[in-house]
Structures are given as C-alpha cells and as structure tokens.
Amino acid sequence: MKKIVKVNPFYEPRMWGGGKRLIEEFHYQTDVAPLGEVYNVVALENHADCQVPEMNMTLSQLYKEYPDWFCCDTEELPVRVNILDPVEKLSVQIHPDDDFARTYNGGRGKPEAWVILDTTEDGQIQFGHYAKTKEEFIQKTESKDWDGLLKYLKAIKNGFIDIPSGTLHAIGKGVLTYNISRNADCTLRLYDYDRIDPSTNQKRPIQPEAVYENVNIPDTSTEFVLYPSAHELGVDVTRYWDQPGLYTLMRLQVKEQGRFRHDRFAFYTCVNGQGSINGISIRKGETILVPDGFGWLDIQGKIDLFLASYRNEE
C-alpha cells in the first residue's frame, strides 16, 4: 500500500564546508565533517543513497522494489536534491551531456538548477565565460587568465537559475542554495584555485582536457529569474521548471493551511518553518516522499516547501 514516508539525508564531507547553518538551522546531525552539502534525495546504489527508515531500505532499493510508487521510464530514480552552504567557493566546473558521461564513467549527464535560499551581501556565483572560440578558452585557461575568462553573477535571494550540460559554473561562499538535478554524478573540474585538500594533503584532480571537449562555446549562460507565485487553495505555488525526461521543480509556501495536488510522485523538502502533510510532521531540513497518484494533500502550518518530481518522456 502506498504511503507518505520520510527520507533521511545522506552526508558527504566537503573541503569548502564547515559552516554552522546546516546543523543549527536545518537540524542536520552527523559526524561527517566538514559539512557543506546535504543530499536530501539521492539514490546511487553502493555510492550515495538515502535511507528510508520506515521501509527499512535505501531509496534506490525502494525505487526498484516499489516501482508503482514512481511509475518512471528510467532504470534509476531520475532526480536528485541537495542543499549547499559553502564557506568557501566551489571549484569551477561543468557537467557533460549523456553521451560523454556514458563513456567517461558509465553514468549520465547532470543538468541542474538552483534556487538561492539566502546569500551574503557580496555573494556571487561563477556562471559562464567570455571566450568566443575553443582556442581562446584554452589559451586563457593555460595562461590562468581567470579574470578574462570567467563570468560572475551577483547572487539574488529566491533567484532561480538553469544550468544545462556544458555550462561553466561554481557556487560562491556564503550562497545557500537548493539544487535539483538528474540523479547522476559526473563532474569535470576546470579550476580549483590550486588549493590543498586537507583530507589528502594534495590538490584535487582537475580535468581541463575533458572540459575543453564539453564546455559550451560560445557561452549560453543566462541570468537569475525571479518567478511569480500563484495563490491556489491556500498555497502560494511557484512553478520553476517542468521538462519531461528531466525534472519538475515547484515551491509551495503556506501561511496556515492549504490543499495541493500533484499526481506524479514528489519529494517535498522543507527549507523553512514546520507543519504537516496529511498528518505527517515535517520541519526545516526534512524531506518526505509522496508516491505517484496519491491524490490531494492537506498542508498545515507555516511552511516553505520545494517539490522535486519527474514526468516521463512522451
């Protein structure tokens, strides 16, 4: 029988982590350190895999053993969700397309999108580049002309940004983000500031040749978008993205109570407040899974939720 279940986060240490917000504000408790990124939804078997305690199994197992909860056209769970709170900037990187990822590490490409939950006054992201040709891109990289190559955007709270495959990008320090992506793990680093990873006492690997092969030239990066919300049955609904074969992303904000229906399976992650969904309690930092075709949801409390879902390709 289908039911709403909580999904426990999966943690991995990040050298650019170490802040207190994820622990003090989002209630994440772990010995993993430095903590900078939390996987609210991930199902990569034998790698990164959330636990579903009520079902006594991992999320990847749930996906395989209860396919009617998802009704998807993919062998693996198609979406991934994480929250990042970096105290230092992330490496400048890209995610390649499916064809390259398949030959590179047997995985899939990882298009993604971010919503900025909060930012410092001077917070920014690296996004895109100035090179007009592949030769210019290589020349500026090899000469370390980062000011002449890398574009930056001022981070905008509640701003949404789409990051297609091949887009050069990096989250800056102090920029708290909600991320949705394909459930994949293929990252190619161009530049990591020549810093030393304390866990290895060495520089982290970079893959410039692979980046040259996959970066979008000319650059196709865009800007932050602030989407309006629609008030529906007590819920302020912001619809960011809905692309079959990739992911669906919405935001649901409730002041006291509301009703909402999304016929596809969905992961609801609370980024502020607390309340309940059909009587299941949820607070800031927690994620619940509502199976496919579950019907109407009764949402109680003052609560801010992100919905991550997926529609099959036609």
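Note that the structure is a prediction, hence the values are computed from the model and not measured.

Enquirer: Go over the pattern of salt bridges, please, and point to the residues and values.
Expert: Using the criterion set out here, one finds 22 salt bridges in the structure. Close ionic contact of Lys151 with Asp219 constitutes a salt bridge, the shortest N to O distance being 3.1 Å. Note that Lys151 is positioned in strand 12 (residues 150-154) and Asp219 in the loop between helix 6 (208-214) and strand 19 (230-232), a separation of 68 residues in sequence. A relative accessible area of 25% places Lys151 in the partly exposed class. Overall, Asp219 belongs to the buried group, its relative accessible area being 17%. Ionic contacts of the salt-bridge type, sharing partners, join the residues Arg21, Glu25, Asp118 and Lys284 into one network.

Enquirer: So, the side chain of Asp85: which residues are in play, and what are the values?
Expert: Within the secondary structure, Asp85 sits in the loop between strand 8 (79-84) and strand 9 (92-94). No salt bridge is formed by the buried Asp85. Its closest oppositely charged neighbour is Arg21, at 5.1 Å.

Enquirer: Summarise unusual backbone geometry; cite the residues concerned and give the values.
Expert: A cis amide bond links Ala33 with the next residue in sequence, Pro34, at an omega value of -5°. Inspection of the secondary structure puts Pro34 in the loop between helix 1 (21-24) and strand 3 (35-41). Backbone torsion omega between Ile217 and Pro218 reads 0°, so that peptide bond is classified as cis. Inspection of the secondary structure puts Pro218 in the loop between helix 6 and strand 19.

Calculation notes
Residues numbered from 1 in each chain as written. Predicted model: local features only at pLDDT ≥ 70, side-chain atom pairs only at ≥ 80, totals over all residues. Heavy atoms only, no water. Salt bridge = Lys/Arg side-chain N within 4 Å of Asp/Glu carboxyl O. Helix = DSSP H or I, 4+ residues; strand = E, 2+ residues; numbered from the N terminus. Buried < 20%, exposed > 50% of the residue type's maximum accessible area, 1.4 Å probe, protein only. Lys, Arg positive; Asp, Glu negative; His and termini not counted.

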